[in-house]
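# Coordinate analysis (summary)
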Amino acid sequence: MSTGATRRPAVIEAVAHSAVWAPVLVAFALLAPMVVRTISGCIREPQVLAAPFERWSELRGSLLYAASIATLAVVAAWPVAWATRGWRAARAWAIAAPLLLPSYLAYAGWTMLRAPGTPVGDALLRLSERDGFAWAPMATGRALAVWGLALWVWPIAALVLRVGWERVSDTTLDALRLEQMTARRRALTRLRLVLPAAIAAWSIVVVVMLGSAIPLHVAQAKTHAIGIWLALDQCAPDERWRVWAAGWPLVLVGFIAAAILTRGLTRTASEAPESRPSRARWRDCIAPCVVLGLSIGLPVALFAVTGWRGIDRFVRLADDELRNAAIQVAIASAYAMVLAVSSARLASLMPRTVTGVFVVLLGVALTPGVLIGAAVSSATLHWPDRGVLGLAPLLLAQTARFAFLPVAAGLWTALSESRDLRDSRSIDRATSWRGWWRGRGSAALAPLALAALATAMLCLQEIEAAVQVYTPGVASLPRLLLNYLHFARDEDLSAAVALLAGVGLVGVAMVSVGTWILRPAQLRSGRK
């Protein structure tokens with residue numbers, strides 16, 4: 001066979017990878033002008049770097065709210081992680097369901113219990129009319145925001161804690177079970193066994209919540225991310241670099257955390273323990289069902305009771321917004337799937353390069369979404385608003401925010417591959433795209449599809465960057481939902497969230513069923 005014939009598939013594969021990664025490069029090209037203006041502005045006016053510390057109350061509020069949310073999330077995740085430590089992926093990934101639903105779902109649902117006319121709402125109204133208790137409704141709203149965000153983000157802590165439990169041997173757990181000790185001492189002993197994982201889970205949630213804004217924004221909490229949002233809405237487009245400069249502590253923390261998390265991800269993937277027999281005892285389902293009921297069941301029930309009659313009216317009134325959202329989800333899911341496959345293939349060839357790219361993508365994801373949206377909005381200020389073309393800035397902004405997820409799935413797929421399988425492909429000279437797909441790619445289709453669907457759901461629910469990139473003339477579902485939250489249009493919000501929650505739950509069911517169907521045959525045969 002000629003040299004040209006052997007090189008042709010490699011050239012075709014290289015062109016295909018370049019086409020797949022082109023939207024990511026374009027998204028980062030749109031961020032570049034804002035980054036350059038911010039750096040040059042800080043060089044000219046270094047005093048702007050001190051701006052965050054002049055608003056110390058906001059930074060302190062960010063840390064306080066993030067720490068409170070993380071503590072509640074770890075407490076909620078602890079029994080779930082313990083109960084699901086031996087579950088197979090088809091069931092274990094179901095605990096991530098809250099992350100695929102709106103971050104404001106639990107907050108908005110629980111807030112309905114204190115609406116005017118309810119016993120709690122009337123009690124708060126009477127209390128606020130007394131001298132010295134005018135703060136009660138505001139404090140209650142902020143407490144519900146913390147509670148709601150904890151009920152949304154706890155799956156992250158649960159998944160990290162599950163990794164910690166998987167590293168504890170069955171022998172150790174059996175010895176602990178046979179040891180004569182009080183319930184309190186046994187609980188403390190269990191905590192010591194997975195203390196590094198518990199600290200990691202708490203820290204990760206803190207970093208994620210530093211950039212979260214929606215429920216806290218609606219509850220009028222004072223955080224640095226919300227201060228940035230308000231400043232962006234008040235400044236001219238050519239002055240937005242000052243707001244970016246004011247947000248440098250959050251950006252710095254995000255990129256430092258990205259480097260640390262990437263190191264942990266690569267180590268966990270390469271040292272992943274062997275799967276244990278699946279447990280199907282009914283009592284192991286109690287804790288997940290209780291926490292999922294608080295996170296999803298009760299809020300969705302409240303929205304369904306009050307909003308299901310208005311779904312038809314909402315669909316008719318917001319048909320343009322829903323149509324654009326459907327187009328957005330279709331494009332996002334398809335692109336995330338091909339990006340995940342491309343990442344898995346490239347990570348099998350050049351793992352260090354893909355790992356470095358992932359650090360950057362994760363750092364951008366941990367940057368407050370309003371900053372990413374503002375940068376893309378400034379770069380696409382004169383973008384046309386005709387049809388699907390008007391959705392391009394939003395799609396690019398969300399590519400910058402959520403591309404880390406399919407890349408993470410691809411990187412995990414490559415790093416978790418056994419050395420024996422890699423050596424076998426090398427010996428058989430099956431190093432081409434076709435050889436990789438037959439040996440590894442098709443078997444990893446389930447986690448890659450999971451990442452693609454999760455990315456699409458995050459794009460559907462995302463608000464912070466979407467409202468910044470909002471193009472006049474283009475119907476925007478995020479803008480509509482934010483207005484419902486701001487102006488307490490409970491009936492319309494109930495219908496909208498009930499519809500979105502239904503879509504998200506269908507997505508969760510598809511992931512669970514698909515994970516079971518598409519997993520490798522050898523794992524299915526080993527299931528009890």
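Residues numbered from 1 in each chain as written. Predicted model: local features only at pLDDT ≥ 70, side-chain atom pairs only at ≥ 80, totals over all residues. Heavy atoms only, no water.

### Here's the deal with helix α7 (residues 136-166)
With 31 residues, α7 should cover 45 Å at 1.5 Å per step; its first-to-last C-alpha distance of 44 Å lies within 8% of that length. The largest bend in α7 comes to about 45°, at Val-153, with the proline Pro-155 one to four residues further on. (Helix = DSSP H or I, 4+ residues; strand = E, 2+ residues; numbered from the N terminus. Expected span 1.5 Å × (residues − 1). Bend = angle between axes of the 7 residues up to and from the residue.)

### Section: the environment of Val-194
Locating Val-194 in the fold gives a position in the loop between α9 (183-193) and α10 (195-210). For Val-194, a relative accessible area of 1% translates into the label buried. Separated by 27 residues in the primary sequence, Val-194 and Arg-167 place their C-alpha atoms 8.6 Å from one another. Each residue touching Val-194, except ones within four places of it in the same chain, is listed here: Trp-78, Gly-164, Trp-165 and Val-168. (Buried < 20%, exposed > 50% of the residue type's maximum accessible area, 1.4 Å probe, protein only. Contact = heavy atoms within 4.5 Å.)

### Focus on the nonpolar core
Core analysis: the largest hydrophobic core is formed by 110 residues, its most contacted members being Trp-154, Phe-314 and Leu-477. No other element matches the 13 residues that α7 contributes to this core. In terms of nonpolar packing, the next biggest core, distinct from the first, is built from 26 residues, Ala-258, Leu-265, Leu-346 and Phe-404 among them. (Core = buried A, V, L, I, M, F, W, Y, C linked by side-chain atoms within 4.5 Å.)

### Section: the packing of aromatic side chains
Summed over the entire model, instances satisfying the criterion amount to four aromatic pairs. Arranged with centres 4.7 Å apart and planes meeting at 70°, the rings of Trp-82 and Trp-165 form a pair that is edge-to-face. With Trp-82 in helix α3 (residues 56-83) and Trp-165 in helix α7, this residue pair connects regions lying 83 residues apart in the sequence. Under the relative-accessibility criterion, Trp-82 is labelled buried at 19%. (Phe/Tyr/Trp six-rings, centres within 6.5 Å; stacked < 30°, edge-to-face > 60°.)

### What to know about the pattern of salt bridges
Evaluated as defined, the whole model comprises five salt bridges. In this structure, the salt-bridge partner of Arg-242 is Glu-45, at a minimum N-O distance of 2.9 Å. Highlighted residues: Arg-242 in helix α13 (residues 240-246) and Glu-45 in the loop between α1 (3-44) and α2 (51-54), separated in sequence by 197 residues. Judged by relative accessible area, which is 31%, Arg-242 ranks as partly exposed. In this structure, the salt-bridge partner of Glu-239 is Arg-242, at a minimum N-O distance of 2.6 Å. Connected through shared salt-bridge partners, Glu-45, Glu-239 and Arg-242 make up one network. (Salt bridge = Lys/Arg side-chain N within 4 Å of Asp/Glu carboxyl O.)

### What about the side chain of His-17?
Of note, His-17 is situated in helix α1. Ignoring any residue separated from it by four or fewer positions in sequence, one finds His-17 in contact with Ser-342, Arg-345 and Leu-346.

### A short note on the confidence of the model for the protein chain
Interpretation of this model should avoid reading the predicted coordinates in detail wherever pLDDT is low. Residue-level pLDDT values for the protein chain average 80, and 82% of them are 70 or greater. Helix α18 (residues 351-366) holds the highest mean pLDDT among the elements of the protein chain, 92, whereas helix α28 (residues 521-525) holds the lowest, 41. Of the regions scoring below 50 in pLDDT, residues 520-528 engages in 11 contacts with residues more than four places distant in sequence or in other chains. (pLDDT = per-residue confidence, 0-100.)

### Concerning the environment of Phe-53
Tracing the sequence through the fold places Phe-53 in helix α2. A relative accessible area of 47% means that Phe-53 is categorised as partly exposed. Taking the C-alpha atoms as reference, Phe-53 lies 9.6 Å from Pro-249; in sequence the two are 196 residues apart. Those residues in contact with Phe-53 that lie beyond four places of it in its chain are Leu-59 and Trp-248.

### Description of the environment of Leu-391
Checked against the element boundaries, Leu-391 lands in the loop between α19 (369-379) and α20 (392-402). Here Leu-391 falls in the buried class, since its relative accessible area comes to 4%. For the pair Leu-391 and Ala-325, spaced 66 residues apart in sequence, the C-alpha separation works out to 9.4 Å.

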